[in-house]
Structure formats: C-alpha cells, structure tokens
Amino acid sequence: MTRAFTPKVLTANHLLEGDVVYLSASGGWVRDLAQAEVLTNEVDAQIRLIEAEQQVDTVVGVYLADVTAEGQPKHFREDFRATGPSNYAHGKQASTQAELN
Amino acid sequence: MYQYNDFDTAFLTERNAQFRAQVERRINGSLTEDEFKPLRLMNGVYLQLHAYMLRVAIPYGTLNSAQMDMLAHLAAKYDKGYGHFTTRQNIQYNWPKLRDIPDMLDDLGTVGMHAIQTSGNTIRNVTADHFAGAAADEVADPRPYAELLRQWSTDHPEFQFLPRKFKIAVTGAEADRAVIRAHDIGLQLVEQVGEIGFRVIVGGGLGRTPMIGKVLRNFLPMADLLPYCEAIVSIYNRLGRRDNKYKARIKITVHENGIETIRDQVETRFAQIRPAFTGVDQTLLADIKAQFAAPDFAKKSEAPFTAAYDADPVFRSWADTNLTAHKAPGYAIVSISIKKQGDTPGDATAEQMRAMAELARTYGHDELRISHEQNVILPHVHRADLPALHATLKAHGLATSNIGLISDIIACPGMDYCALATARSIPVAQQIATRFDELKLEHDIGELKIKISGCINACGHHHVGHIGILGLDRAGVENYQITLGGDHTETAAVGERAGPGFAYDEIVPAIERLIAAYLHLRNSPDERFIDAYRRLGLAPFKAALYPAVNAGGKADAA
C-alpha cells in the first residue's frame, strides 16, 4: 500500500533575488508562506510541480515541501526558509516586521 | 605583498567579462540552471537557503587596507552591511542579487581580488599560517610559495575537473596554525643542513571520514615544489574515485591505495614531469619573494605600552590574551577578535572592516590577515602603538579579549544560511559564548577550542576541536553530537565521540557540565582542557555529560 499523500506547498528560490518563493493558488509566486496554496491532492501537486519546473527564467530548484493542513512547515529547515536566519532579522522576518511597524 | 601584473589584470578582466555574459544569458533564458550552475560555481556563486552567496578568495588570508576597504564596500553596497569570514580564510556575502554579482566581481578586480575556484572540483584557495611573515617561530615566510601555488593552480587546464575539491595549506613554522594535517596537501617549510625545503603531507581531511594527513616526503627541495604538487594532483586525478562523491577526496585515495603506492606513483610521475619545469617557476618565485619583503620595522620606545599595561586592567587583559610574539624587536602580532560574546562568529560589519583597514594603514604597515579561526590579524604592530590601537578597537566593538578562549568559537554558517546544513551552528556558538561570559569563567578556563559544524561536511572543523559539536537532523529535530580531544595543531588528532547527541536546548547545559568537570579534574590552572583530557581519557568527561547513567551503563539510583 502506498503512503497517503500529505499536504504540500510548492517552493523554490527566485532566480534574480535568490529568496524563497511559494506558488499561490492563482499560479503566481509569492514570498510569504501564508499566501501559498496548500496542495492536498497528489496528482494536482505533481502537475503543479511539472509546470513550475518549466519556469526556468523565474525560479530555481522547485520542489514540494511538507506542511500541516494549516500550511505550517513540518520540518525545521522549511521553518527557517519561511522566516529567515536566527542571528539577524535579515530574511523574511524583516519584511514581516516592516509590515507590523 | 603580491601586486597583480598586467597578465593577472588582463586575465581577471576577461574572466569577469565572461561571467557577466553568462549571467546575462542565464537571465534571458539562453542558459538553463543545469548549464549555468557549474559556471557560477567556478566563480564562487552559490544558491543558499535564503539567497545567493558569493565566496571571495582571500589568498593565504592576506589583505592590504585597500582590499579590506573594498570588502567593506561590497558589504555596504550589495549586501546587508556585513560579511562572514570563513574557516578557509575567505569571506562570504550572504545576500547578493544575481544581477549585482558581476559588478561585485569587477569591483574586487580593481584591488586584485576574485572569487575564482572558491567552489567546484578544483584546487581551492591556498591557505596559510595567519601569522606568516611575522611569527617568531617560523623558518621562512610561507606566503611566496602559497602565491606561486595560487598562480600555478588558477585555471590549470589539467585540474579543472578533479574527482573532488582539493585544498592546500602552507606553514613556515613547526607550530601548526594552518591545520596542514587536515588538508589534501599540507606543506611545512623546514630547514635541512642550511637549505630550506618542504615537508609534504598528503591525504588529510575532515568531513564524513576524518583523516590525519600522512608524510609523503620529509624533505622536498624548494625548486621541486610545483612539479611535485603537480605529480600529486595528477596521480589523484587518475586514481581518485569518481563513482562515489563520499569517497572522492584524496584522503580516501591514500587510504585505499596505501601511502607507499601513492608515494611510488607520485615519484614516478614527478620524474616524468620534472624536466618540463625549466626554471621559469623559480624566476617567478624570485619576483614574488621580492614582493613579500618584510616591512621597514620601526625602532622606538615601548614606554607607552608599559604605561598602559600597568595602568589599565582592560588593556592588560586584552594584551595578555590577544597578542602573540613577533619576530621583530618591539613588535607584536595583534589578533582582533570578531567573536564578541553573543555575536555571530566571523561576521564583521562594513564599518568594522573600514576601521580595521584604517588601523592597518595607521599602525600596521598596511597588512591584515584572516585566520582560519575566523578572526582578523594585524601582523605587524609596534608595541608603542598598542594603547591607541586598542582604544580604536574598543570604539568599534572589536576589543574582545578572548583569543583562544571558550568564546573564540569556530562555527560554520549552519542551517541559518547553508543549503547543505542539517542543523544550526551560529546560535549554539552565541549561547555558549554568552553563557560563559555571564559566568565570568572564560579566562579561568584558559585555552579551549570549541568548533561547531552544522553538518557532516565539517566546515566548522569539529573533529579537531578540543570540544567538537556536530549538528545533525535526527528524525526532523536538531541534535548535537559532542566529540572530545580533537587537535588541529602539529599534534593533530581526531576527537572521540562522547556518546548520544543532545537536543538544541540541552547542548549548552551539556557543555557547562563538561567544563565544570574539567575545572574540578584539572591538576592545576595551567593544565589545559586538552591536556586534562589526554591525561584522564574520555570516562570522567563522559560521566559529566551523561549524569543519569553511571559508568556501568545502568540508570543512576540517585
């Protein structure tokens, strides 16, 4: 029996900026994990992955990352990618803070 | 120090123009990522966790003030105001944009710097003793030989696609500050009946399978340096395994074939190619050597030093901890700690880099060094100038008195930046340093080398730390293994794993227990941690790390 499919988000690095991006439900790339589309259907996820891999002039290193049903990262590596490094607020947490201010 | 000639400048300009065109072709879609990746890696450009990373070579760790100013300029203009000095004496920028990188390389070119061969399966930046040319204990300055090796290895047509990366380190002293026994080739300048030559060590390395290098030749005449190194890399290129990335380094080639076989083959190859080296390299070497002439050392009274030393306990503590004996009378080697407790090991801001460049111009004969321990060195400072220098360092947050102490920690970028990492390193280093600063214990503890890597590849040299910490991913959780008894010097040793790993929030308390045990066990304040470990072995330290389990492995009744 194959393992049940668990929720995923499609993620990559942006070609020009290098920063972490996620695929949104509208098919665009967003920088905030909260705006990413949570994929719950395996076929759907695979199609999205193949399509995203074609976008070689926009993104680099596309893959599906595990998330909870609520879209939170399951692995701590994805947590760091979504927030930024822990020694300086130079990653995504910088823009989050800017929004809060 | 070495100044680029017209050939070097033209080569670099052309190379940078090539890379600029490659970046343009990647952006306009003419090159795929698979095509572009090897090209960007050859020019030091990685794609890391949050951004691109540019690794700039600092050949044998030597810089002048104009170069340090340029590193500050890159940090301020293209990055987030800082740079990260690494265990390979390089600097890394963590946040460049792809479009900016060709401009960064052009800027570097104006001061004779580049990022060539800071990645890829090539001969990497040649590293050296950071006290070279200044140390009281060296046979000769190793940097001219390192520069000769740099020129020979840069774009060497035979060695652009080696089985794996290849690292050479050179030292001129018996006291090994360049970790030569953990390099693919380690070279030590030695003197034999009035002649200077090299002890050649091969097959050292850390990473997944740590190995201490083995002596290939006890004495190699100076004039044979290039052909002999070429013979070694040539044999490695032929025998090195390309079927398994984890067995591809020369340490495995030496281990699997045996040092005798490697020696026989190297000597045969050497005999073949030696006649092709007709002496051009020696002419080049003579030119290079002239550029590394010692500075014109000043002769003046040391009275200002003595006065400050007697009057100011903060200066005294810094002088006792951060200075090293210099070969010239009245001079000292200054180690500037960029490990202020709680800060990121190896990071310097643009403003700090400019301050250090200015200090080098004013007091330091225009020379700076980067150490593999991620600090900055001013190799030639007259003792009379030290009080003024110290005051400037204090003003820039650079006067931390902790060289060689528990907070002078080597830490790789770890999972805060690195795409290969399995756990974080930086916050572990920050917390250990902060904790022992709070306890005000570090000067009492004395010399102690803590080295932290965030993955098995061991950029943080954990195997050769007195205390090594290796961060791993255990079932989706950060876990830290401790090794004890490692040594990076001439008495090199690979540390012994102490036992099961610790969770992220358990690692600092574990180190604290370990240190408490050492303070209790040492037979005098002069007995260093490593000496106590060698005398007593693992058992008492293991008992301190794992208090719930006694020596018999049963749960402690208490």
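Here the structure is a predicted model, which is why all the values come from computation and not from measurement.

Caption draft 1: Here's a closer look at the UniProt feature "domain: Nitrite/sulphite reductase 4Fe-4S" (unreviewed entry) in chain B. All names here are of chain B. In this numbering, the UniProt entry assigns the feature "domain: Nitrite/sulphite reductase 4Fe-4S" (unreviewed entry) to residues 119–272 and 408–545. Helix makes up 31% of residues 119–272 and strand 19%, and the two end C-alpha atoms of the span are 30 Å apart. Helix makes up 34% of residues 408–545 and strand 19%, and the two end C-alpha atoms of the span are 22 Å apart.

Caption draft 2: Expanded view of the domain arrangement of chain B. Segmenting chain B into domains produces domain 1 (6–109), domain 2 (142–291), domain 3 (303–395) and domain 4 (410–545). Using only C-alpha atoms to locate each centre, domain 2 of chain B and domain 3 of chain B end up separated by 33 Å.

Caption draft 3: Geometry of the interface of chain A and chain B. Facing the 23 residues of chain A at the interface are 32 residues of chain B. Across the chain A/chain B interface, buried area totals approximately 2300 Å², and carbon plus sulfur atoms make up 59% of it. A per-residue breakdown of the area chain A buries against chain B is headed by Leu16, Phe76 and His90 of chain A, which together make up 25% of the total. Linking chain A with chain B are 1 salt bridge, by the criterion used here. Measuring nitrogen to oxygen at the nearest pair gives 3.6 Å for the salt bridge that ties Lys97 of chain B to Glu17 of chain A. Summed over the shared surface of chain A and chain B, the number is 11 residue pairs in polar contact (both at pLDDT 80 or more). At the level of elements, strand 1 (8–14), strand 4 (59–66) and helix 2 (76–83) of chain A are the ones that each hand at least two residues to the side of chain A that touches chain B.

Caption draft 4: Representation of the pairing of strand 19 (residues 477–484) of chain B in the model. All names here are of chain B. In terms of burial, strand 19 is largely enclosed, as 7 of its 8 residues are buried. Note that strand 19 and strand 21 (residues 502–503) share 2 bridges and pair antiparallel. Its bridge partner lying in strand 21, Asn479 is registered against Ala503. Pairing of strand 19 with strand 20 (residues 496–497) involves 2 bridges; the strand directions are antiparallel. Its bridge partner being in strand 20, Thr483 is matched across the sheet by Arg497.

Caption draft 5: Structural context of the sheet that holds strand 2 (residues 20–23) of chain A. Residue and element names in this part refer to chain A. Reading across the sheet, the 4 strands line up as 3-2-1-4 and stay open at both edges, with antiparallel pairing between neighbours. The sheet terminates laterally at strand 3 (29–30) and strand 4, the two strands that pair on one side only. By the bridge criterion, 6 bridges tie strand 1 to strand 4 in an arrangement that is antiparallel. Looking at the pairing, Thr11 lines up with Tyr63 of strand 4. With respect to the sheet, helix 1 (residues 42–53) is in contact with strand 1, strand 2, strand 3 and strand 4, its orientation differing from that of strand 4 by roughly 165°.

Thresholds applied
- Residues numbered from 1 in each chain as written.
- Chains lettered and ligands numbered in written order.
- Predicted model: local features only at pLDDT ≥ 70, side-chain atom pairs only at ≥ 80, totals over all residues.
- Heavy atoms only, no water.
- UniProt positions renumbered as here; feature names shortened; annotations may be inferred.
- Helix = DSSP H or I, 4+ residues; strand = E, 2+ residues; numbered from the N terminus.
- Domains from an automatic or database assignment.
- Contact = heavy atoms within 4.5 Å.
- Buried area = accessible area lost by both parts, 1.4 Å probe.
- Salt bridge = Lys/Arg side-chain N within 4 Å of Asp/Glu carboxyl O.
- Polar contact = N/O pair within 3.5 Å; in protein donor to acceptor, adjacent residues only side chain to side chain.
- Buried < 20%, exposed > 50% of the residue type's maximum accessible area, 1.4 Å probe, protein only.
- Pairing = 2+ DSSP bridges.
- Axes fitted to C-alpha atoms, helices over the stretch in contact; angles between N-to-C directions.

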